[in-house]
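Residues per chain, in single letters:
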Amino acid sequence: MEARLMDTPEDYKKLGINPDQIEIWEDSRRNRDSSAGNWEWWYFDSILDDGTKAVLQFFTKAGMKNIQKNGDVPSVTIKITTADGKLYEDEALPDKTECTYGTDKCDVHLGECSFVGDFHEYQIFAKGKKGVTADLKLVSCAKPYRPGTAYFDFGNGEFYTWLCSVPQGEVTGTLTFGGKTVHVHGTGYHDHQWGNRFYLHEWNNWLWARQSFGDYSVLTFDFITSKEAGYKRFPILFIQNRDGEIVFENRENVKCVIPEMTPVDPASKKEYPKVICYEFEAEGKKVSYQLEGLETLEARGFKNKPLIGNIIIKKIGMNLSYMRFHGKGTLSFRNGDEMVERSGSLIYEFMYPGDNCKKLMEK
């Protein structure tokens, strides 16, 4: 079966999802099955006024080894990158007996760490083993978004999901790292994902990018499935105005040119797109969006894995790698009589477990 986005009336009915409104319960724990292959996470990132970037993730399970286990293996990761590029990284590993998950809203408690909110306002607290701490409030300036039901169906009961809970928000609070606590302010983002198979089996590569310009926010999640799933592409992009109304949405058509690749990354031994030029078209409207990587915030690949991990990954046919960038995004589109042209900084990621990303993206 070729992968598909579940967005038919029958799909909404089967999953118990309101096709006309995203409801608060959708950000609660969705995958109650903790058997092998099942996983879930709540993600947050922010770009702060002083140039600091903070990324937090709350996991029921993380990484191929843990996802293949029966039962939850909860964890929280904290990554703070200062304006001068110094990384402070920490994690919390609470016992699963110390963890609870709400059913009517996002109400996640992993030990003393917590992620609680209702699409409008979130309180996020995370403290790692080494003392790196985030105590933050995220207030949404937009509306939640999901493509269709949020489910991508891979057949045989296998699925992958994406719910964009807060496309754009205001962040306040404190960060503690390097022996000091600082008060912070900036912009933030939160999404929520879950599935029932180790997700890197499903995808050849994906690019995820989100950017706020104040009056407009833009988010793209450009997926290409694995060779096994037929290299099916889901080029999702949406733009919201300051009132949270969608002024452009794309799920199908894209033109892509990659004029520049990076040098070979030492962690993954791969080249990545350094510059990506997109053209999206839907309902007679066109959007141009260009991304340029300026700073590598995170790089993972074979070099970061123990020998046994490399053997397993190669055996199942993956060339695992991942990059998170701080970069520049340039957006251009017409909204009614207004020609909108915006440019600024953003955080984006490139997940790349397969091969030939340039060839597939420019196809």
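Source: prediction; values computed, not measured.

Draft legend 1. Structural detail: the overall build of the protein. A tally of regular secondary structure across the protein gives four helices and 23 strands. The C-alpha radius of gyration computed for the protein amounts to 19 Å, which stays within 12% of the reference 21 Å derived for 363 residues, consistent with globular compactness. Taking all 363 residues of the protein together, the buried fraction comes to 56%. Here the contacts in the protein between residues at least 6 apart in sequence split such that 61% fall between residues at least 24 apart.

Draft legend 2. Highlighting the confidence of the model for the protein. Confidence in the prediction for the protein averages 91 pLDDT; 94% of positions are at 70 or higher. Predicted confidence is poor over residues 303-313, with pLDDT under 50, and the contacts of this stretch with residues over four places away or in other chains come to 13 contacts.

Draft legend 3. Up close: unusual backbone geometry. The backbone of Ala 150 sits at a positive phi, close to 90 degrees, despite the residue not being glycine. Following the sequence through the fold, Ala 150 ends up in the loop between β10 (133-140) and β11 (151-153). Looking at Ala 150, the relative accessible area reads 1%, which means it is buried. Even without being glycine, Tyr 231 reaches a positive phi, approximately 55 degrees.

Draft legend 4. How the structure looks around the state of the cysteines. One pass over the structure, following the stated rule, counts zero disulfides. Cysteine Cys 113 shares no disulfide, and the gap to the nearest cysteine sulfur, in Cys 99, comes to 9.0 Å. Looking at Cys 113, the relative accessible area reads 1%, which means it is buried.

Draft legend 5. Main features of the sheet that holds strand β18 (residues 246-250). On the basis of which strands lie adjacent, the open sheet formed by nine strands has the order β18-β17-β16-β15-β23-β22-β21-β20-β19 and antiparallel pairing. The open sheet has two free edges, formed respectively by β18 and β19 (254-261), since each of these has just one partner strand. Within this sheet the neighbouring strands show an average axis-to-axis angle of 15 degrees, counted without direction.

Draft legend 6. Representation of the environment of Gly 354 in the model. Structurally, Gly 354 is set in the loop between β23 (338-351) and α4 (357-361). Residue classification places Gly 354 among the buried residues on the basis of a relative accessible area of 11%. Distance in space between the C-alpha atoms of Gly 354 and Ile 224 is 9.7 Å, their sequence separation being 130 residues.

Draft legend 7. Expanded view of the pairing of strand β2 (residues 39-48). Most of β2 sits inside the fold, with ten of its ten residues counted as buried. Alternating positions in β2 separate into two faces, Trp 39, Trp 41, Tyr 43, Asp 45 and Ile 47 on one and Glu 40, Trp 42, Phe 44, Ser 46 and Leu 48 on the other, with burial throughout. Pairing of β2 with strand β14 (residues 180-195), which is carried by ten bridges, proceeds in the antiparallel orientation. Opposite Ile 47, over in β14, you have Thr 187 as the bridge partner.

Draft legend 8. Expanded view of the pattern of salt bridges. On inspection of all chains with the given rule, the structure shows 23 salt bridges. Taking the shortest distance from any N to any O, the salt bridge between Arg 342 and Asp 215 comes out at 2.6 Å. In this pair, Arg 342 is assigned in strand β23 and Asp 215 in the loop between β15 (203-212) and β16 (216-225), connecting sequence segments 127 residues apart. Assessed through its relative accessible area of 22%, Arg 342 is described here as partly exposed.

Draft legend 9. Representation of the packing of aromatic side chains within the structure. For the structure shown, the criterion picks out 35 aromatic pairs. Pairing Phe 154 with Trp 203 gives two aromatic rings, centres 5.3 Å apart and planes at 90 degrees, and the pair type is edge-to-face. Note that Phe 154 is positioned in the loop between β11 and β12 (159-161) and Trp 203 in strand β15, a separation of 49 residues in sequence. When its relative accessible area of 8% is taken as the criterion, Phe 154 is described as buried. Both rings, one in Tyr 272 and one in Phe 325, keep their centres 6.3 Å apart while their planes meet at 70 degrees; by these two values the pair is edge-to-face. On the criterion of sequence distance, the pair formed by Tyr 272 in the loop between β19 and β20 (273-282) and Phe 325 in strand β22 (residues 321-335) is long-range, its members being 53 residues apart. Just as Tyr 272 is buried, Phe 325 falls in that class too. Arg 29 extends its terminal NZ or CZ atom over the ring of Tyr 101, reaching a point 4.5 Å from the ring centre. Seen from the ring of Tyr 352, Lys 270 lies directly overhead, with NZ or CZ sitting 3.6 Å from the centre.

Draft legend 10. The arrangement of the environment of Gly 111 in detail. Here Gly 111 is to be found in the loop between β7 (106-110) and β8 (113-117). Residues within four places of Gly 111 in sequence aside, it is in contact with Pro 94, Glu 98 and Cys 99.

Draft legend 11. Structural detail: the nonpolar core. Counting 39 residues, the largest nonpolar core has Phe 58, Phe 115 and Leu 175 as its most contacted members. The element best represented in this core is strand β13 (residues 163-177), accounting for five residues. Residues contacting Phe 115, with those up to four places away along its chain left out, are Trp 42, Tyr 43, Phe 44, Phe 58, Cys 106, Asp 107, Val 108, Tyr 122, Gln 123, Ile 124 and His 190. If you look at the next biggest cluster of nonpolar residues, it comprises 35 residues, including Ile 67, Ala 229, Phe 234 and Met 351.

Calculation notes
Residues numbered from 1 in each chain as written. Predicted model: local features only at pLDDT ≥ 70, side-chain atom pairs only at ≥ 80, totals over all residues. Heavy atoms only, no water. Helix = DSSP H or I, 4+ residues; strand = E, 2+ residues; numbered from the N terminus. Rg over C-alpha atoms; globule rule 2.2 N^0.38 Å. Buried < 20%, exposed > 50% of the residue type's maximum accessible area, 1.4 Å probe, protein only. Contact = heavy atoms within 4.5 Å. pLDDT = per-residue confidence, 0-100. Disulfide = S-S within 2.5 Å. Pairing = 2+ DSSP bridges. Axes fitted to C-alpha atoms, helices over the stretch in contact; angles between N-to-C directions. Salt bridge = Lys/Arg side-chain N within 4 Å of Asp/Glu carboxyl O. Phe/Tyr/Trp six-rings, centres within 6.5 Å; stacked < 30°, edge-to-face > 60°. Lys NZ or Arg CZ within 6 Å of the ring centre and 35° of its normal. Core = buried A, V, L, I, M, F, W, Y, C linked by side-chain atoms within 4.5 Å.

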